[in-house]
Amino acid sequence: MAWPVPLNPRNKRRARVALLQLSLPPIFGEFGESLFALAKGPALMTASLSVCIPVYNFAKFIPETLDSILNQDGGDEVEIVILDGASIDNTAEIITGYQHKHRNINYIRQPQKGGIDRDMAKSVEPATGDYCWLFSGDDIMWPGALRRILKEIQSGNDLYLCKHLEYYFYDDRWVEYPTVACKDGAVFELSDPLSRRVYFSKAVNTEAFFSFIGGIIVKRSTWNRVPLNENFVGSCWGHVARLFELMPSGLSVKCLSGALLARRPDNDSFAGGGLVNRYRIAIEGFYDIADHYFGHDSTEASHVRRVIRHEFHPLAMQLGKFMCFVNPNGENRALMDSLMKKVYSDFSLDSFRAKFDYWTMSPARFRRRHSELCALHEQKLKDRQ
């Protein structure tokens, strides 16, 4: 007999199953069917996916976000959970219109706004998928991303970390934003101290520590192992604290290659209180989480501080100081100075240089050196006023 494919172990098994099925006479009936089922072995389980989207007053953005998901290959195979924190615009009307066309949308409207930490947690509660892709209501899923994730989650890791595209105004182009300096597809078990420290050491920015909601696809059963920590409600990082708390008991993270979504550049939900307050949310939030779960002197907390220095580099800190000069009523100079001291508190030559440049840089000199950067942020200020 000539086999159409090489007889590897899987094909040999299939052949035995086929022969068994053919050799069972009809008189065996249900007993024969049972033998056949045993020969086949257990059925392949297919992991399912829910896309969980907390929104508040996102009527301007949610249509493009939903279209980017629903028009994907596999857009009708996933559950989309939208948790509305009592929007006062026409978000409800828009989503209801989508519901009439797409039965896989589950829309829940809260009686009152809960804030990003509570609403993010609540968006997962009604989900039925084995995995939840935490998604923002203003980001765009890249073509092919959904089918890619549906395949990836079959490997059963606790969390999949994906990259996104970031828009750079100066170059007028989208750039893939890095997260972890590792091989594509690398898996880290964060319950193991050595693996966790290697992972933390390879973190490029806070997205490695789950700051970007849209970059997280998490197993729902893993997420539900611990509740939302009330100590971090209001920090904007309740989901980060939750994932840090999961690490000791087991959290396998796979770092995916390629960008799977694009982050909208014109709608930073955390920037409403001004640039300096935006800095505070990230700096104090991540310092507090790292110190709480690992201790200030831990290797993990040290790498979190390193990543914060990378994100809030000397130029960014000087920009914050400059904006305090441009907008003294909307920015807090004392807070900005305290953040500078906190970020560059480590004893090193780079920290000393950064602090020296910060304290000696005048607004006029900063404007001369960085005229385009100043013009961009001054225009943003005018647009908000």
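Residues numbered from 1 in each chain as written. Predicted model: local features only at pLDDT ≥ 70, side-chain atom pairs only at ≥ 80, totals over all residues. Heavy atoms only, no water.

Asker: Before we go on, may I ask you to explain the pairing of strand β3 (residues 105-109) in this structure?
Answerer: Working note: regular strand, side chains alternate between the two faces of the sheet. The sheet contact formed by strand β2 (residues 79-84) and β3 spans five bridges and is parallel. Residue Val81 lies in a different strand from β3, and its bridge partner there is Asn106. (Pairing = 2+ DSSP bridges. Helix = DSSP H or I, 4+ residues; strand = E, 2+ residues; numbered from the N terminus.)

Asker: For this particular structure, what's the right way to read the nonpolar core?
Answerer: The nonpolar side chains of soluble globular proteins are, as a tendency, buried together. Grouped together as the largest cluster of nonpolar side chains are 72 residues, with contacts concentrated most on Leu134, Tyr199, Phe210, Phe244, Tyr279 and Met317. Looking at which element gives the most residues to this core, the answer is helix α10 (residues 275-294), with twelve residues. Apart from the residues lying within four places of it in its own chain, the contact partners of Phe244 are Phe200, Phe209, Phe210, Ile289, Tyr293 and Phe294. One finds Val55, Tyr98, Tyr131 and Ile149 within the second-largest nonpolar core, a separate group that totals 36 residues. (Core = buried A, V, L, I, M, F, W, Y, C linked by side-chain atoms within 4.5 Å. Buried < 20%, exposed > 50% of the residue type's maximum accessible area, 1.4 Å probe, protein only. Contact = heavy atoms within 4.5 Å.)

Asker: Sorry if this is basic, but what is going on with the side chain of His377 here?
Answerer: Residue position: His377 is located in helix α16 (residues 371-384). Discounting chain neighbours no more than four positions away, the residues touching His377 are Leu319 and Met323.

Asker: I keep staring at the packing of aromatic side chains and nothing clicks. Help me out?
Answerer: Where two aromatic rings form a pair, the distance of their centres and the angle of their planes describe that pair. In the structure shown here, the tally under the stated rule is 17 aromatic pairs. A ring pair is formed by Phe200 and Phe294, whose centres lie 5.9 Å apart and whose planes are at 80°; its orientation type is edge-to-face. Of this pair, Phe200 sits in helix α7 (residues 193-201) while Phe294 sits in helix α10, and the two are 94 residues apart along the sequence. As far as burial versus exposure is concerned, Phe200 and Phe294 are alike and both buried. Taking the centre distance of 6.0 Å and the plane angle of 25° together, the rings of Phe232 and Tyr293 count as stacked. (Phe/Tyr/Trp six-rings, centres within 6.5 Å; stacked < 30°, edge-to-face > 60°.)

Asker: Looking at this structure, I do not really get the confidence of the model for the chain. What am I missing?
Answerer: Regions with low pLDDT should not have their predicted coordinates read in detail. Chain-level pLDDT for the chain is 88 on average; 86% of the residues reach the 70-or-more range. Across residues 1-44 the pLDDT falls below 50, and counting only partners more than four positions away or on other chains, this stretch makes 16 contacts in the model. (pLDDT = per-residue confidence, 0-100.)

Asker: Sorry, what's going on with the packing of helix α3 (residues 62-70) against helix α4 (residues 91-101) here?
Answerer: Working note: a packed helix pair is described by the angle between its axes plus the distance between those axes. Running from amino to carboxyl end, α3 crosses α4 at an angle of 20°, the nearest separation of the two axes being 10 Å. The angle between α3 and α4 places the two elements in the roughly parallel class. Here the hand of the crossing between α3 and α4 comes out right-handed. Together, Ile62, Pro63, Leu66, Asp67 and Leu70 of α3 and Ile94, Ile95 and Tyr98 of α4 make up the contact between the two elements. (Axes fitted to C-alpha atoms, helices over the stretch in contact; angles between N-to-C directions. Parallel < 35°, antiparallel > 145°, perpendicular 65-115°, else oblique. Left-handed = near helix turned anticlockwise from the far one by under 90°.)

Asker: Sorry, what's going on with α3 here?
Answerer: Residues three or four positions apart in an α-helix share a direction because the helix packs 3.6 residues into each turn. Within α3, the full set of buried residues consists of Ile62, Thr65, Leu66, Ser68, Ile69 and Leu70. Buried-residue contacts for α3 involve β1 (49-55), β2, α4, β3, β5 (140-141) and α6 (145-152).

Asker: Mind showing me how you'd approach the packing of helix α13 (residues 333-343) against helix α14 (residues 349-360) here?
Answerer: Where α13 contacts α14, the two axes come as close as 10 Å, and the packing angle between them is 160°. Relative to α14, the element α13 lies roughly antiparallel. Judged by the twist between their axes, the crossing of α13 over α14 is left-handed. Residues Arg333, Met336, Asp337, Met340 and Lys341 of α13 form the contact with α14, whose participating residues are Ala354, Lys355, Tyr358 and Trp359. The residue makeup of the contact of α13 with α14, split by class, is five nonpolar, no polar and four charged. (Nonpolar A, V, L, I, M, F, W, Y, C, P; charged D, E, K, R; others polar.)

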